[in-house]
Amino acid sequence: MEYLTNSVEGTKTAAKKIIIKLLKRPHPGALVLALAGELGAGKTTFVQGLAKAIGVKEKILSPTFVILKRYGVRPLGRDKGSPAEAGTPMNFYHLDCYRIQSAKDLAGLGFEEILKNKNNLVVIEWAERVANILPADTVWLNFQHKGGDERRIKLKM
Ligand code: ADP
Ligand code: MG
């Protein structure tokens, strides 16, 4: 599946559509979204749209210097009639692997436990770097900068 966007808002809207769709699929462990693509391709912008859609109130920044950040999903995200009502996760984890070399650098963060919990939604920027430890049912999203404000998001699952 492929999404073309021409603006920050367009990318956030695509994120909302995609997460609503994905939350309806069964997943034995965490729901994992792996975001790949160059700097400025729109990965963090996508995560901001996704977080808003599931009811995260905090501002999402790139967690480059902390690698992993957890956000609580407020009950609002699970209210009847809210966009992501079906299967909204309890915990939302945002990772940015830009500054790490391999999955070994995630040691000590409890990441393997996080991946096992089906109440977790895990979204990873620069996921290529840790691909070898991600679950087989990870959803891969490839971000491409097409020039100007145009971005292409390709979804592979
Ligand atoms: P990444 O996390 O992939 O490095 P960011 O989301 O942090 O990318 O940055 C994307 C940059 O591109 C932002 O400065 C944003 O304003 C700009 N931009 C322009 N058009 C778009 C678009 N269609 N989608 C997302 N970002 C866009
Ligand atoms: Mg980013």
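Preceding this paragraph is the structure being described.
Residues numbered from 1 in each chain as written. Chains lettered and ligands numbered in written order. Predicted model: local features only at pLDDT ≥ 70, side-chain atom pairs only at ≥ 80, totals over all residues. Heavy atoms only, no water.

Visitor: Looking at this structure, how should I read the coordination of the magnesium ion (ligand 2)?
Guide: Octahedral metal centres with six donors ideally show angles of 90 or 180 degrees, and tetrahedral centres with four donors ideally show 109.5 degrees. Every protein donor of the magnesium ion (ligand 2) is accounted for by Thr44 (OG1) and Glu125 (OE), and the metal-donor separations fall at 2.2 Å. Of this pair, Thr44 sits in helix 2 (residues 43–53) while Glu125 sits in strand 5 (residues 120–125); the two residues are 81 residues apart in sequence, bridging distant segments of the chain. A residue is classified by how much of its surface remains accessible, and Glu125, at 3% relative accessible area, is buried. (Donors = N, O, S within 2.8 Å, 3.2 Å for Na, K, Ca; no water. Helix = DSSP H or I, 4+ residues; strand = E, 2+ residues; numbered from the N terminus. Buried < 20%, exposed > 50% of the residue type's maximum accessible area, 1.4 Å probe, protein only.)

Visitor: Looking at this structure, how should I read the sheet that holds strand 3 (residues 68–72)?
Guide: Within a sheet, adjacent strands bond to each other through the backbone by hydrogen bonds, running parallel or antiparallel. Strand order in the open sheet made by the seven strands is 1-7-6-2-5-4-3, with mixed pairing throughout. The open sheet has two free edges, formed respectively by strand 1 (2–5) and strand 3, since each of these has just one partner strand. Shown here is a sheet whose adjacent strand axes are inclined to one another by a mean of 20 degrees, direction ignored. Relative to strand 1, helix 1 (residues 8–22) is tilted by about 155 degrees, and along the sheet it contacts strand 1, strand 2 (31–36), strand 5, strand 6 (139–145) and strand 7 (151–156). (Pairing = 2+ DSSP bridges. Axes fitted to C-alpha atoms, helices over the stretch in contact; angles between N-to-C directions. Contact = heavy atoms within 4.5 Å.)

Visitor: When you look at the site of ligand 1 in this model, what are you seeing that I'm missing?
Guide: Near ligand 1 you find 16 residues, and of these Thr11, Gly40, Lys43, Thr45 and Asp149 are the closest. For ligand 1, an oxygen atom lies 3.1 Å from a polar atom in the backbone of Gly42. At 2.6 Å, a side-chain N or O of Thr45 approaches an oxygen atom of ligand 1. Coverage of ligand 1 by the protein amounts to 73% of the 570 Å² it exposes when considered alone. Listing elements by their share of the shell around ligand 1, those giving two or more residues are helix 1 and helix 2. Top contributing element to the shell around ligand 1 by residue count: helix 2, with three residues. (Near = heavy atom within 4 Å. Polar contact = N/O pair within 3.5 Å; in protein donor to acceptor, adjacent residues only side chain to side chain. Areas by Shrake-Rupley, 256 points an atom, 1.4 Å probe, with all protein chains shown as cover.)

Visitor: Could you clarify how one ought to interpret empty space enclosed by the protein in this entry?
Guide: Space left empty within the atom packing is revealed by a probe, the size of a water molecule, rolled over the atoms. One pass over the structure, following the stated rule, counts one cavity of 30 Å³ or more. Around the largest cavity sit Met1, Tyr3, Ile18, Lys21, Leu22, Leu155 and Met157, which together line it. (1 Å grid on protein atoms, 1.4 Å probe; cavity = no way out; pocket = protein on both sides within 12 Å on 5 of 7 lines; lining within 4 Å. Points joined across faces, edges and corners; volume = space filled by probe spheres on them.)

Visitor: Is there a simple way to explain the pattern of salt bridges in this structure?
Guide: When the charged atoms of two side chains with opposite charge come close together, those side chains can pair. Overall, the coordinates contain three salt bridges when judged by the stated rule. Measuring nitrogen to oxygen at the nearest pair gives 3.8 Å for the salt bridge that ties Lys69 to Glu58. With Lys69 in strand 3 and Glu58 in the loop between helix 2 and strand 3, the pair connects residues that are 11 residues apart, well separated along the chain. The exposure class assigned to Lys69 is partly exposed, which follows from its relative accessible area of 32%. The shortest N-O distance in the salt bridge between Lys116 and Glu113 comes to 3.2 Å. Highlighted residues: Lys116 and Glu113, both in helix 3 (residues 111–116), separated by three residues, approximately one helical turn. Glu113 shares its class with Lys116; the two are exposed. (Salt bridge = Lys/Arg side-chain N within 4 Å of Asp/Glu carboxyl O.)

Visitor: Would you mind going over the packing of aromatic side chains with me for this structure?
Guide: Any two aromatic rings considered together are summarised by their centre-to-centre distance and by the angle between their planes. Counted under the stated rule, the structure contains three aromatic pairs. Seen in terms of ring centroids, Phe46 and Phe143 are 5.3 Å apart; in terms of plane orientation they differ by 80 degrees. Their pairing is edge-to-face. With a gap of 97 residues between them, Phe46 in helix 2 and Phe143 in strand 6 connect regions that are remote in the sequence. For the pair Phe46 and Phe143, one class covers both residues: buried. When the ring centre of Tyr71 is taken as reference, the NZ or CZ atom of Lys69 above it lies at 4.7 Å. (Phe/Tyr/Trp six-rings, centres within 6.5 Å; stacked < 30°, edge-to-face > 60°. Lys NZ or Arg CZ within 6 Å of the ring centre and 35° of its normal.)

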